[in-house]
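Residues per chain, in single letters:
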Amino acid sequence: MIGRVTTETPWWRDAVIYQVYIRSFADSDGDGIGDLAGLTDRLGYLADLGVDAVWINPWYASPQVDNGYDVADYRAVEPAYGTLADAEKLIARAHEHGLRVIPDLVPNHLSAEHAWFREALAAGPGSPERARFVFRPGRGPDGAEPPTNWRAHFGGPAWTRVAGPDGGPGEWYLHLFDPGQPDLDWRNAEVRAEFESVLRFWFDRGVDGFRVDVAHGLVKDPGLPDLADVDDLTGASLGPGAHPFADRDEVQEIYESWRRIAEEYPGARMFVAEAWVPSPERLARYVSPGRLHTAFNFDFLLAPWEPAALREAIDTTTGYLHGVGAPATWVLENHDVVRAPSRYGRRRDGAVDVALGERRARAAFVLMAALPGGVYVYQGQELGLPQVDDIPDEALRDPTWERSGHTERGRDGSRVPLPWTAGGSSFGFGPDGGDAPWLPQPDWFGRYAVDVESDDAGSTLALVRAALARRAALDALGEGPLTWESEPGDPVLSFRRGPGFACVVNLAAAPVPLPEHAEVLLTSAPLDDGLLPADCAVWLSVG
Ligand code: NOJ
């Protein structure tokens, strides 16, 4: 039974959504790689945690150049993760637990191993098969220069040259990410029809929505102009909608057609956009009426642990999103960013004070869970896992490491397989004695294991469980207004939700007294003689 649905508020407006990085969640068969059966076995853990839905990173058949963001077949499951039947079983079991399932859709690019790209290479220049992609002749006398000066996100040029019909050097194709991820041409009607069919394929199998990868990037300027600032990958340096491959206005037509498809299905199916755009105003366009339902709000994630920055991120986001009738979403971690305890604990000299970072990450979680709208929790965030900063160079798997010429270590440090037990050869990630996890786990990982934290009332896991249970029980939380009690510039953030609820976050250096209250509902760390310590957050019931 799916819970928390009312006719007034569709579930996605205030859902708590848990992100499963499937490769690193739980390995049921001992090959060192997480899988769908491992996730299915642990749905009870997620239901007990108090989340409403799971977003699962790409589970499709893929050469895994970018851990599944290079899809070879959108209608098949990656064999290392299981089968289509396993995905169907996962969806059914999740629904029995009251959890919704949101797979990841990767529409900007596919894998160089996808049948379409192989056909494009075989068919040659000018063919309808190549028209699904962005193939162009090179510049310069021999066509030896890429068609534009665009850079790929992982480093290096955004173009790769393929062989011509005579076996000599031929055209170039666009890939905003790895060369193994050719970009599709979304001006092509076949591309649009294919993704509409993929949406229906999975909606027919009961998924409750999709996370839309690179939602800002699908449509390119057909004139393919050079960029004045090659480091501007999101459009910050140009006028609204003027960047050749980021946040172009034409992407919205695609989302309008997807919204219509979602609405053909019963049960409030939803989309959440991963859109890296220059402003909340631009983000609001993705969730305007008739378009996608929600979008990740990265401004909050990117804000430093400073009262003015956090307040500004909260106000501008809610302002613009509410202006178009969309709920806000709150995100502190995902598989692409440094985990919160390491981010908030980083000192000016670059060293990380983990204890300080953990304290702040706990307070940030308590703050986030009190904000209006939906909340995302990235696997391991509920354990307070810090970033793993010392993965040996030879073990790094993020394409960023190779493509940057070994100058950027990439995102693997937030993707290390989860510790479930303090003991066991992979801390319970896989069966004891199975293959080593695909990324090495550090010795200290056991301290954060689920079984350790489950037995510790002061653990981050206990805090997250308590926060989510309280949040679900309190009418004041979820959607609804937020009223600031503190003044802009105050080092202590204080706001009310509903008539009887207040949240206070102390970003000052010293403990502060609590405002008048009836009851302390939740604290991110114990109070200090009735005072709220520095870097702590509290929920209060107030008159
Ligand atoms: C965003 C995803 O979150 C990231 O992991 C991936 O590398 C890129 N999109 C490319 O698909």
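Residues numbered from 1 in each chain as written. Predicted model: local features only at pLDDT ≥ 70, side-chain atom pairs only at ≥ 80, totals over all residues. Heavy atoms only, no water.

## Describing the pairing of strand E10 (residues 270–273)
- On E10, burial covers both faces: Met270 and Val272 on one face and Phe271 and Ala273 on the other are all buried.
- Inspection of the sheet shows strand E9 (residues 209–212) paired to E10 by 4 bridges, in the parallel sense. Looking at the pairing, Phe210 lines up with Phe271 of E10. (Buried < 20%, exposed > 50% of the residue type's maximum accessible area, 1.4 Å probe, protein only. Helix = DSSP H or I, 4+ residues; strand = E, 2+ residues; numbered from the N terminus. Pairing = 2+ DSSP bridges.)

## Examining the environment of Pro437
- Looking at the secondary structure, you find Pro437 in the loop between helix H12 (399–403) and helix H13 (450–454).
- Along the sequence, Pro437 and Pro307 sit 130 residues apart, while their C-alpha atoms lie 39 Å from each other.
- In contact with Pro437, not counting residues within four places along its chain, are Gly32, Pro417, Ser426 and Phe429. (Contact = heavy atoms within 4.5 Å.)

## Quick word on the site of the ligand
- Neighbouring the ligand are 13 residues; Asp66, His109, Asp213, His335 and Asp336 lie closest to it.
- The contact in question runs from an oxygen atom of the ligand to an N or O atom on the side chain of Asp66, over 2.5 Å.
- In this structure, an oxygen atom belonging to the ligand sits 2.8 Å away from a side-chain N or O atom of His335.
- In the complex, the protein chains occlude 97% of the 300 Å² of accessible area that the ligand would expose alone.
- Considering only residue class, the shell around the ligand consists of 4 nonpolar, 2 polar and 7 charged. (Near = heavy atom within 4 Å. Polar contact = N/O pair within 3.5 Å; in protein donor to acceptor, adjacent residues only side chain to side chain. Areas by Shrake-Rupley, 256 points an atom, 1.4 Å probe, with all protein chains shown as cover. Nonpolar A, V, L, I, M, F, W, Y, C, P; charged D, E, K, R; others polar.)

## Some words on the environment of Arg248
- Within the element layout of this structure, Arg248 appears in the loop between E9 and helix H6 (251–264).
- Ignoring sequence-local partners within four residues, the contact set of Arg248 consists of Arg187, His216, Val219, Lys220, Asp221, Gly241, Ala242 and His243.

## What to know about the packing of aromatic side chains
- Summed over the entire model, instances satisfying the criterion amount to 36 aromatic pairs.
- Seen from their ring centres, Tyr60 and Trp202 are 6.0 Å apart, and the 65° between their planes marks the pair as edge-to-face. Note that Tyr60 is positioned in strand E3 (residues 60–61) and Trp202 in helix H5 (residues 189–204), a separation of 142 residues in sequence. Each member of the pair, Tyr60 as well as Trp202, is classed as buried.
- Note that Arg205 overlies the ring of Phe201, its terminal NZ or CZ placed 3.8 Å from the centroid.
- One Lys or Arg, Arg343, reaches over the ring of Tyr344 and ends 5.2 Å from the middle of that ring. (Phe/Tyr/Trp six-rings, centres within 6.5 Å; stacked < 30°, edge-to-face > 60°. Lys NZ or Arg CZ within 6 Å of the ring centre and 35° of its normal.)

## Thoughts on the state of the cysteines
- What the rule picks out here adds up to 0 disulfides.
- No disulfide involves Cys503; its sulfur sits 12 Å from the nearest other cysteine sulfur, which is in Cys536.
- Among the residues examined, Cys536 registers a relative accessible area of 0% and is labelled buried. (Disulfide = S-S within 2.5 Å.)

## Some thoughts on the domain arrangement of the chain
- By the assigned domains, the chain splits into domain 1 (11–109 + 189–381), domain 2 (115–174) and domain 3 (478–541).
- The C-alpha centroid of domain 3 is placed 56 Å from the C-alpha centroid of domain 2. (Domains from an automatic or database assignment.)

## As for the sheet that holds strand E2 (residues 53–56)
- Across the sheet, 8 strands lie side by side as E11-E10-E9-E5-E2-E1-E13-E12; this open sheet has parallel pairing. Looking at which strands have only one partner, the edges of the open sheet turn out to be strand E11 (294–295) and strand E12 (329–330).
- Pairing of E2 with strand E5 (residues 100–105), which is carried by 4 bridges, proceeds in the parallel orientation. By the bridge assignment for E5, Ile56 is matched with Pro103.
- In the packing of H5 onto the sheet, the strands contacted are E5, E9 and E10, and the crossing angle to E9 comes to about 135°. (Axes fitted to C-alpha atoms, helices over the stretch in contact; angles between N-to-C directions.)

## Notes on H5
- With 16 residues, H5 extends 22 Å between its outermost C-alpha atoms, agreeing within 8% with the 22 Å of an ideal straight helix rising 1.5 Å per residue.
- The N-terminus of H5 is capped by Asn188, whose side-chain oxygen sits 2.8 Å from the backbone nitrogen of Glu190.
- In the stretch just after H5, Gly206 is the one whose phi turns positive, near 100°. (Expected span 1.5 Å × (residues − 1).)

## Some remarks on the sheet that holds strand E14 (residues 482–484)
- Overall, antiparallel pairing links the 5 strands, which are arranged E14-E15-E16-E20-E18 in an open sheet. Only two strands of the sheet have a single neighbouring strand rather than two, namely E14 and strand E18 (519–523). Here the strands of the sheet are splayed against their neighbours by 25° on average, with no regard to which way each runs.
- Note that E18 and strand E20 (residues 536–541) share 4 bridges and pair antiparallel. Across the sheet, Leu522 pairs through a bridge with Trp539, a residue of E20.
- Docked against the sheet, helix H11 (residues 354–369) engages strand E15 (492–497), strand E16 (501–506), E18 and E20, running at close to 35° with respect to E20.
- Its contacts with the sheet place helix H14 (residues 460–473) against E18 and E20, and it is angled at close to 130° to E18.

## Details of the side chain of Asp178
- Tracing the backbone shows Asp178 in the loop between strand E8 (169–174) and H5.
- Within the structure, the side chain of Asp178 is placed 2.7 Å from the side chain of Arg403, a separation counted as a polar contact.
- When sequence neighbours within four positions are dropped, the list of residues in contact with Asp178 reads Val65, Phe154, Pro399 and Arg403.

## Quick look at the nonpolar core
- By size, the foremost hydrophobic cluster in this structure holds 148 residues, and its most contacted members are Tyr18, Leu46, Trp59, Trp202, Tyr255, Trp258 and Trp539.
- Examining the composition of this core, we find that 8 residues originate from one element, H11, more than from any other.
- If you look at the next biggest cluster of nonpolar residues, it comprises 15 residues, including Val134, Trp150, Leu174 and Val214. (Core = buried A, V, L, I, M, F, W, Y, C linked by side-chain atoms within 4.5 Å.)

## What about the environment of Leu105?
- Turning to its location among the elements, Leu105 is positioned in strand E5.
- A C-alpha to C-alpha distance of 9.6 Å links Leu105 and Trp59, two positions 46 residues apart in sequence.
- Not counting chain neighbours up to four residues away, the residues in contact with Leu105 comprise Tyr60, Phe195, Val198, Leu199, Phe210, Arg211, Val212, Asp213 and Trp258.

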